[in-house]
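Chains, contacts and geometry: an overview
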Amino acid sequence: MAKFAEIKGFVFDLDGVITDTSIFHSQAWHQVADKVGVKWDDSLADALKGISRMDSLNLILARDHKEADFTDAEKEALATEKNDNYLKLVAQMTPANILPGIQDFLDDLKAKGYLLSLASASKNSPLVLKHLGLSDYFTKSVDPASLKHGKPDPEIFRRGAEILDLDPAQCIGVEDAAAGVQSINGAGETSVGIGNLKVLAAADVNFTETSQLTLANIEKAMA
């Protein structure tokens, strides 16, 4: 873990960190699971956090060994159906959907000159940011379509540092999923996990709620 004084930038996940689109993702994936006859439960919902659309679909199908039951074209159709359902939910979002404390935290980071980038596996992140009124905070975003590997591979968080022209050691990555924390750690950044302390035990710094995410709390935890 780096020293707090060395940190110049923050690389954010979106779902479950800035806003709770994970609820919308779960609702849309639940519909797909029902359609293909896979039982939906909390463990499956948790396993899908932070990973790409096709990887999520494959995890659902693998739950009941149905991977070979669908052609690539049928899988693409299922993924598209999920995304269409998700976008209908996203269209209802407003700045009121920003998680507690995040707006103040982003304002503080911007005021103090920290660089910000977004490292979300979601191809819909620009649309979500627009609905939240946060597009101006994240003028630098990793394009998930440009990546060869999804989380937990470190590629997306390495790229999040690169687009800020920073070394990963100068960055803090913020995540709510175990796969994301693993990605941050693999990239060589300081990891901040938001959520269940046991699930995110690999994070360098842990907070249970987004409202605890402040520079003062991070500096104290890194001391």
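Notes on the structure follow. What you see is a predicted model; the values in this text were computed from it and never measured.

Definitions and cut-offs
- Residue indices follow the written sequence of each chain, beginning from 1 at its first position.
- Reporting in this predicted model follows two pLDDT cut-offs: at least 70 for local features of residues, and 80 or more for side-chain atom pairs to be given and counted; totals over whole chains, interfaces and linings ignore these cut-offs and use all residues.
- In computing side-chain properties, one takes all heavy atoms of the structure into account and sets aside hydrogens as well as water.
- In DSSP terms, a helix is any run of H or I states spanning at least four residues, a strand is any run of E spanning at least two, and both are numbered starting from the N terminus.
- Radius of gyration here is computed from C-alpha atoms only, and the compact-globule reference equals 2.2 Å multiplied by the residue count raised to the power 0.38.
- We call two residues in contact whenever any of their non-hydrogen atoms come within 4.5 Å of each other.
- The Shrake-Rupley method, run with a 1.4 Å probe, gives the accessible areas here. Residue values count only the displayed protein chains as cover.
- Strand pairing is assigned whenever DSSP detects at least two bridges linking the two strands.
- Inter-axis angles, ranging from 0 to 180 degrees, are taken between N-to-C directions of lines fitted to C-alpha atoms, where helices are fitted over the stretch in contact.
- Each reported salt bridge corresponds to a side-chain nitrogen of Lys or Arg within 4 Å of a carboxyl oxygen of Asp or Glu.
- The classification of residues rests on relative accessible area computed with a 1.4 Å probe and restricted to protein chains. Under 20% of the type maximum is buried, over 50% is exposed, and intermediate values are partly exposed.
- Working definition of a nonpolar core: buried Ala, Val, Leu, Ile, Met, Phe, Trp, Tyr and Cys residues. They are joined through side-chain atoms within 4.5 Å.
- To estimate the expected span of a helix, count its residues, drop one, and scale the result by 1.5 Å.

Okay, the overall build of the chain next. In terms of helices and strands, the chain carries nine helices and five strands. Going from N to C terminus, the chain has its helices and strands arranged as β-α-α-α-α-α-β-α-α-β-α-β-β-α. Taken over C-alpha atoms, the radius of gyration comes to 17 Å for the chain, in line with the 17 Å a tight globule of 223 residues would show. Its C-alpha atoms give the chain principal-axis dimensions of about 55 × 30 × 30 Å. The contacts of the chain with a sequence gap of at least 6 include a subset with a gap of at least 24, amounting to 63%. In the form shown here, the chain has an accessible surface area of approximately 10,500 Å², with 50% of it arising from carbon and sulfur atoms.

For the rest of this paragraph, the subject is the sheet that holds strand β2 (residues 115–118). The strand order across the open sheet formed by five strands is β2-β1-β3-β4-β5, and the pairing between neighbours is parallel. Both edges of this open sheet fall to β2 and β5 (205–207), since each of them pairs with a single strand only. Adjacent strand axes in the sheet meet at a mean angle of 20°, parallel and antiparallel pairs treated alike. Where strand β1 (residues 9–12) and β2 come together, four bridges link them in parallel fashion. Of the residues in β2, the one forming a bridge with Phe12 is Leu118. Here helix α5 (residues 102–111) sits on the sheet and contacts β1 and β2; the angle it forms with β1, its principal contact strand, is near 150°.

Let us now look at the pattern of salt bridges. All chains considered together, the criterion is met by seven salt bridges. Between Arg63 and Asp41 there is a salt bridge, with its nearest N and O atoms 3.3 Å apart. Taken as a pair, Arg63 in helix α3 (residues 53–63) and Asp41 in the loop between α1 (22–36) and α2 (42–47) lie far apart in primary sequence, 22 residues in all. Put simply, Arg159 and Glu155 hold a salt bridge, and the shortest N to O gap is 3.1 Å.

A word on the pairing of β1. Of the two faces of β1, the one lined by Gly9 and Val11 and the one lined by Phe10 and Phe12 are each fully buried. With four bridges joining them, β1 and strand β3 (residues 171–175) adopt parallel strand pairing. Within β3, the residue paired with Gly9 across the bridge is Cys171.

Moving on to the nonpolar core. Among the nonpolar cores identified, the biggest contains 38 residues, and Phe10, Phe12, Ile18, Phe138, Val174, Leu213 and Ile218 are the most heavily contacted of them. Broken down by element, this core gets its largest block of residues, four residues, from α5. Among the nonpolar cores identified, the runner-up in size contains 14 residues, and Val32, Leu57, Leu61 and Leu78 belong to it.

Turning our eyes to something else, we now look at unusual backbone geometry. With an omega dihedral of 15°, the bond running from Lys151 to Pro152 counts as a cis peptide bond. Assignment of secondary structure puts Pro152 in the loop between α6 (125–132) and α7 (155–162). In the Ramachandran plot, His65 falls in the positive-phi region, its phi being about 55° despite a non-glycine side chain. The residue His65 is located in the loop between α3 and α4 (72–90) in this model. You can call His65 exposed: its relative accessible area is 67%.

With that out of the way, let us pick up α1. With 15 residues, α1 should cover 21 Å at 1.5 Å per step; its first-to-last C-alpha distance of 21 Å lies within 8% of that length. Regarding α1, the residues found buried are Ser22, Phe24, His25, Ala28, Trp29, Val32, Ala33 and Val36. The inward-facing, buried residues of α1 contact α3 and α4. Positive backbone phi, at 80°, marks Gly37, one or two positions downstream of α1.

Among the structural elements, Thr80 can be located in helix α4. Once the C-alpha coordinates of Thr80 and Asp136 are considered, the two residues, 56 residues apart in sequence, prove to be 28 Å apart.

Purely geometric stuff here, so don't read any function into it on its own.
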